Amino acid sequence: VQLQASGGGLVQAGDSLRLSCAASGRTFSVYGMAWFRQAPGKERDFVAGISRSGVNTYYTDSVKGRFIISRDNAKNTVYLHMNSLKPEDTAVYYCTADKLGRGPPLSRREYDYWGQGTLVTVSS
């Protein structure tokens, strides 16, 4: 499966942004999906995950109450709605898929497919 992330950009602190990740193929609805991010010089970390049906979601503590992950299985797309953005949210954001539909949450190595990443820059 191929994942295409989009929606990144340069915003100011306090602004909102919505990332999208479109997946190819017909089996999107069986995948667990997630967003990770990687800041300059740092490791790629988990941000948010969503179950196959969309019922279960999971967030890293630093984004709880600000970010919302959602999915539209009819459109083969997962979203990350980011509100009240902070400079520390600056990173390349990657969408990823777990073909077994297990999580969330899962560790980075348990995800099977990765998108190319989209850069989010938050200025203070």
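Here, the structure is the one placed above.
Residues numbered from 1 in each chain as written. Predicted model: local features only at pLDDT ≥ 70, side-chain atom pairs only at ≥ 80, totals over all residues. Heavy atoms only, no water.

Bringing the environment of S16 into the picture now. By the secondary structure assignment, S16 is in the loop between β2 (9–12) and β3 (17–23). As a C-alpha pair, S16 and M82 span 66 residues in sequence and 5.4 Å in three-dimensional space. Contacts of S16, omitting those with residues within four sequence positions, involve M82, N83, S84 and L85. Reaching out from S16, the side chain makes a polar contact with the side chain of N83 at a distance of 3.0 Å. (Helix = DSSP H or I, 4+ residues; strand = E, 2+ residues; numbered from the N terminus. Contact = heavy atoms within 4.5 Å. Polar contact = N/O pair within 3.5 Å; in protein donor to acceptor, adjacent residues only side chain to side chain.)

The next subject is the side chain of R66. Within the element layout of this structure, R66 appears in the loop between β6 (57–59) and β7 (67–72). Residue classification places R66 among the buried positions, given a relative accessible area of 9%. A distance of 2.9 Å separates the side chain of R66 from the backbone oxygen of S62, its partner in a polar contact. At a separation of 2.9 Å, a polar atom in the side chain of R66 contacts the main-chain carbonyl oxygen of S84. If we skip the residues at most four places from it in the chain, R66 touches H81, M82, N83, S84, L85, K86 and D89. (Buried < 20%, exposed > 50% of the residue type's maximum accessible area, 1.4 Å probe, protein only.)

With that settled, consider the environment of F67. Within the fold, F67 resides in strand β7. Residue F67 is classed as buried on the basis of its relative accessible area, which comes to 2%. C-alpha separation for the pair F67 and Y94, spaced 27 residues apart in sequence, amounts to 15 Å. In this view, F67 contacts R37, V47, Y59, L80, H81, M82, N83, L85, D89 and Y93; residues no more than four positions away in its chain are not counted.

Quick look at the pairing of β3 now. Across a regular strand the side chains alternate sides, sitting on one face of the sheet and then on the other. Of all seven residues that make up β3, five are buried, and the element is covered over most of its length. Of the pairings in the sheet, the one linking strand β1 (residues 3–6) to β3 comprises four bridges and is antiparallel in character. Each residue of the ladder has a partner; that of A5, found in β3, is C21. In this structure, β3 lies alongside strand β8 (residues 77–82), joined through six bridges in antiparallel fashion. Directly across from L19, in β8, lies its bridge partner L80. (Pairing = 2+ DSSP bridges.)

With that settled, the discussion passes to the state of the cysteines. Two cysteines whose sulfur atoms are joined by a covalent bond form what is called a disulfide. For the structure shown, the criterion picks out one disulfide. The disulfide that involves C21 links it to C95, with 2.0 Å between the sulfurs. Every disulfide takes its handedness from the sign of the S-S torsion; for C21 and C95 that torsion is 55 degrees, giving right-handed. In this pair, C21 sits in strand β3 while C95 sits in strand β9 (residues 91–98), placing the two residues 74 residues apart along the sequence. (Disulfide = S-S within 2.5 Å.)

Taking strand neighbours across the sheet as the criterion, the four strands line up as β1-β3-β8-β7 in an open arrangement whose pairing is antiparallel. Where the open sheet ends on each side, the last strands, each with one partner, are β1 and β7. Taking the axes of each pair of neighbouring strands and ignoring which way they run, one obtains an average angle of 15 degrees across the sheet. Bridge count for β7 against β8 is six bridges, and the pairing is antiparallel. Across the sheet, residue I69 finds its bridge partner in β8, namely L80. (Axes fitted to C-alpha atoms, helices over the stretch in contact; angles between N-to-C directions.)

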